[in-house]
Structures are given as structure tokens and as C-alpha cells.
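Residue-level structure breakdown
Spelled out, the chains give:
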Amino acid sequence: MPLIIMCGYPCSGITRRAHELKEYFTQNTERKVHIVGDEDQGLDKNSVYSDSQKEKNLRGALRAEVERKVNKDDIVILDSLNYIKGYRYELFCLIKHTQTPHCLVYCLTSADVSSEWNKGREADSRYKQEICLDSHSDGTHSLQRIHCLDALILRFEAPDSRNRWDSPLFTIQQEDLLPFEAICDALFKRKAPPPNQSTKNVRQPLSSTNFLYELDKVTQDVLMAVLESQKTSVPGDLISIPGATEKIEFTRSLNMVELRKLRRQFISYTKMHPTENIGQIANMFVQYLNKSMH
């Protein structure tokens, strides 16, 4: 069961490309093609992607559905954002356990293009916009509009072909045609990645606590908590963060660009100096943000 993992910003053409792939394989092979995606779950994307627990449940449901459809003959296309590196690593572990090839199709767009495509959608299928109060260091306030789409772009971890879980990688821009033959070669002419020696003969459940996954997830959760709390906080407030005993010492609002940069710097540092206590990641990130805000 070759697995095609779609990846990209919201409103980047992922679903359209997934259906192009399905049409091609249906017409040119005798294999059944299954698309597993967010829409199949019958959930409101604005509700899901603004709630970390709902989003975690969605990822788990999609992964379980992919695993259920594993067989020797069919093709499965995972039509979702798949923007977390740790989650893509979990999917890589899945295909290692099931001994099947995979590839990643990355629909590359700019944030501006995705935003314009979002505006062009029917109202009930758009990512919604929220209005929040932004506090400034001089004590003044202004209204900001924050898209659920913008928050997802902030959290996006671009694939890198140097990572074995992101390879083979096919990066597709807006006007590109899908490289169908190259994707076929990646799926049907390449050996599946070998299983780990310790699990070669025993199929074990995937670990949800690997360091990379937790580092991505926890820092994203902290970031979104900060963004949400800034709406009602004023300088001098202490912001409680779920999963952390440390609190944010709120001195000024940080925009999404600043927060994204700080998160990226923290992740880079933590990868080089990993902690054995995963439960302390949230506190470490809060401490890092406090030092950076002053």
C-alpha cells in the first residue's frame, strides 16, 4: 500500500492535487485509490484547528484510518495539511512497520496566495477571521484581525528532503503540473524503508511521545496560548500556560512574525541540547519567551 502524504499551507491546492493523483492512478493502474482527509471526518475546520486537543484527535483519527487501509495493492493519499514534522515522522514510522513505500507531495504557495484563495471560497468553507485587542508598550490598544489560516501558517513546519521522513519529496508550485511518472517511480520502483531491528518481526504501536513530536506540539500549544491570552492581557499581567508551571510575564504584545522567529530559535537550540524530561519543554519555552520579551 504505497502512501502519498500531501502537505502545505491551508488553501494551497492540496485537495485539488490529491484528486488529480487519484484520477491519474485510477486511469493508469489497476489499483484502488483511497483518499483519507479532513473532510471525511465531518468536522468544522475552524473549530478543530483553533483547539489543540481537537486537532490532536483529528490527526489520530486520520492516522488510524490510513493504518486501516494498509494492504499490498491499494494506494492511499492522505489529504490533510500534515504541517507538523513530528506527525510526518509518525507516518514514516507507520510505513516502516507496514513495509510500504511512500512519498511527500508539498503544495508550495506564499501566505498571500493562500489568503487570496481563502477569500475566494464560499463563505461556509473559508477559514474565519477573529478580531482581537492588541496592547502596545505605550499603554495604547489597537484592533487586530487574526485568521485561523494565519495561525496555521505560523505553525507550519516546511518539509526538508534531507529528513528521511520527508523523502522522496515533490515540491509543486501553483502553475506546475504534477510529475506523475516520477511519483510512480517513487512508489513502485523503490524499496520500502527497512524496519528497525528491534521491531523487524514484531509490529509495535507507534510512539506518540518521541522527542521531536513533543517539541513541535508543546511549543505550538504554548505559542497559541500566548496569542489567545494577548487579546485580554495588559502589561504587568502574568499569563498562565496550559502544561506549564511557569507563567509568561506579559510586558508587550508579540506579533506572529516575532513569535514564529522565537519558536524557531528555541527549537533549534533544544534540538542541539535535548532534555531527558519531555514534561519540562513547556516551562523551558516559557522561560525562553520571558527572557526574549524583556
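Owing to the predicted nature of the structure, the values given are computational and were not obtained by experimental measurement. (Residues numbered from 1 in each chain as written. Predicted model: local features only at pLDDT ≥ 70, side-chain atom pairs only at ≥ 80, totals over all residues. Heavy atoms only, no water.)

1. As for the packing of aromatic side chains
Summed over all chains, the structure comprises eight aromatic pairs. Between the aromatic rings of phenylalanine 25 and phenylalanine 188, the centroid separation amounts to 6.1 Å while the plane-to-plane angle is 85°, which identifies the pairing as edge-to-face. Here phenylalanine 25 is found in helix α1 (residues 14-28), whereas its partner phenylalanine 188 is found in helix α7 (residues 180-188), with 163 residues between them in sequence. Look at phenylalanine 266 and tyrosine 288: their rings are 5.6 Å apart centre to centre, the planes differ by 55°, and that puts the pair in the tilted class. On the criterion of sequence distance, the pair formed by phenylalanine 266 in helix α9 (residues 256-272) and tyrosine 288 in helix α10 (residues 281-293) is long-range, its members being 22 residues apart. We classify phenylalanine 266 as buried; its relative accessible area is 3%. Members of the aromatic cluster, joined through ring pairs, are Tyr24, Phe25, Phe180 and Phe188. When the ring centre of tyrosine 127 is taken as reference, the NZ or CZ atom of lysine 45 above it lies at 5.1 Å. (Phe/Tyr/Trp six-rings, centres within 6.5 Å; stacked < 30°, edge-to-face > 60°. Helix = DSSP H or I, 4+ residues; strand = E, 2+ residues; numbered from the N terminus. Buried < 20%, exposed > 50% of the residue type's maximum accessible area, 1.4 Å probe, protein only. Lys NZ or Arg CZ within 6 Å of the ring centre and 35° of its normal.)

2. Quick notes on empty space enclosed by the protein
For the structure shown, the criterion picks out two cavities of 30 Å³ or more. Its volume calculated, the largest cavity comes out at about 70 Å³. What lines the largest cavity is Tyr49, Glu55, Leu58, Arg59, Leu62, Ser80, Leu81, Asn82, Tyr83, Ile84 and Tyr87. Among the elements that line the lining of the largest cavity, the one with the most residues is helix α3 (residues 52-68), at four residues. For the lining of the largest cavity, the per-class residue count stands at seven nonpolar, two polar and two charged. (1 Å grid on protein atoms, 1.4 Å probe; cavity = no way out; pocket = protein on both sides within 12 Å on 5 of 7 lines; lining within 4 Å. Points joined across faces, edges and corners; volume = space filled by probe spheres on them. Nonpolar A, V, L, I, M, F, W, Y, C, P; charged D, E, K, R; others polar.)

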